[in-house]
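Next come the chains, spelled out residue by residue.
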Amino acid sequence: MRDAVTSLIRNYDVTGRYLDRNAIDSLKSYFDTGIARVQASAVINANAAAIVKQAGLQLFDELPELIRPGGNAYTTRRYAACLRDLDYYLRYATYALVAGDTDVLDERVLEGLRETYNSLGVPPGPTVCGIQILKAIVKETVAEAGITNTAFLDQPFDYMSRELS
Ligand code: CYC
């Protein structure tokens, strides 16, 4: 599992280079957002249950066919699996936010997930919709907590969305 610093060092080490201007700029931007990343993850952590609950309500409100007979989230077991998946996405997003790197998402969330979803008929479009709803609620919640300069919040959610599309 890599973070912004170990990823960068690995890239430079492979080619035996000293850290150049680009490296310094990218390290600087990571460290400059460091405190805000930690604060945002603390806010998400404190509100995780409410964020997941609201995201689920909004998802099923926008796509009610998911919870009707024949929908992939129909039956309480599958409804619960869907909320659990949203909770996974949120929790791993906080790890990626603090790490400043999406490697943890590849390794722990996305590896093999598309195949699993395919075999269970979990629809990718609505899953991506759920991840984007989570992102919007997270941005709102973090902004309400008074944390500014939070452009970095999009990355893990958009990355998971892209990989599942
Ligand atoms: C199922 N979601 C699953 C399964 C896995 C994951 C492995 C199959 C096994 C199980 O049911 O537990 C996902 N597991 C993960 C992830 C990790 C992991 C991401 C990384 C930590 O360990 N259905 C919908 C919605 C969507 C949904 C669009 C919610 C956003 O219609 C999710 N996932 C969903 C559902 C199932 C599922 C309904 C159960 C499908 C079934 O068993 O028929």
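As shown above, the structure is provided for reference.
Calculation criteria
Every residue gets a number counted from 1 within its own chain, in the order that chain's sequence is written. Side-chain atom pairs in this predicted model are given and counted only at pLDDT of 80 or more, local residue features only at pLDDT of at least 70, and totals for whole chains, interfaces and linings cover all residues. Side-chain calculation: all heavy atoms of the structure are included, whereas hydrogens and water are not. Fitting a line to C-alpha atoms yields each axis, with helices limited to the stretch in contact; the angle taken between N-to-C directions then spans 0 to 180 degrees. Put simply, DSSP H or I for four residues or longer makes a helix, DSSP E for two residues or longer makes a strand, and each gets a number counted from the N terminus. Any angle that falls under 35 degrees is termed roughly parallel, while one over 145 is termed roughly antiparallel, one within 65 to 115 roughly perpendicular, and all others oblique. The hand of a helix crossing depends on one turn: near helix anticlockwise from the far one by less than a right angle means left-handed, and clockwise means right-handed. Residues count as neighbours in contact if any of their non-hydrogen atoms are within 4.5 Å of one another. For this scheme, ten residues count as nonpolar: Ala, Val, Leu, Ile, Met, Phe, Trp, Tyr, Cys and Pro. Four count as charged, namely Asp, Glu, Lys and Arg, and the remainder, Gly too, count as polar. Three exposure classes are used, based on accessible area relative to the maximum for each residue type with a 1.4 Å probe and protein chains only: buried under 20%, partly exposed in between, and exposed over 50%. Arc definition: it is the arc formed by the directions from the helix axis to the C-beta atoms.

1. Some details on the packing of helix H4 (residues 76–99) against helix H7 (residues 124–144)
Between H4 and H7, the shortest axis-to-axis distance is 10 Å and the interhelical angle comes to 50°. In terms of orientation, H4 and H7 fall into the oblique class. For the element pair H4 and H7, the recorded crossing hand is right-handed. Across the interface between the two elements, Leu86, Tyr89 and Leu90 of H4 pack against Thr127, Gly130, Ile131, Leu134 and Val138 of H7. The residue inventory of the contact of H4 with H7, partitioned by class, reads 6 nonpolar, 2 polar and no charged.

2. Things to note about helix H1 (residues 4–14)
Every buried residue of H1 is accounted for by Ala4, Ser7, Leu8 and Tyr12. Buried positions in H1, seen along its axis, are confined to an arc of 125° and lie on one side of it. When the buried face of H1 is taken as reference, the exposed residues oriented beyond 90 degrees from it are Asp13 and Val14. The elements touched by buried residues of H1 are helix H2 (21–32) and H4.

3. Describing helix H5 (residues 103–110)
Taken together, the buried positions of H5 are occupied by Asp103, Val104, Leu105, Val109 and Leu110. Residues of H5 that are buried sit in contact with H4, helix H6 (113–120) and helix H8 (154–164). In the stretch just after H5, Gly112 is the one whose phi turns positive, near 80°.

On their own, these measurements won't tell you what the molecule is for.
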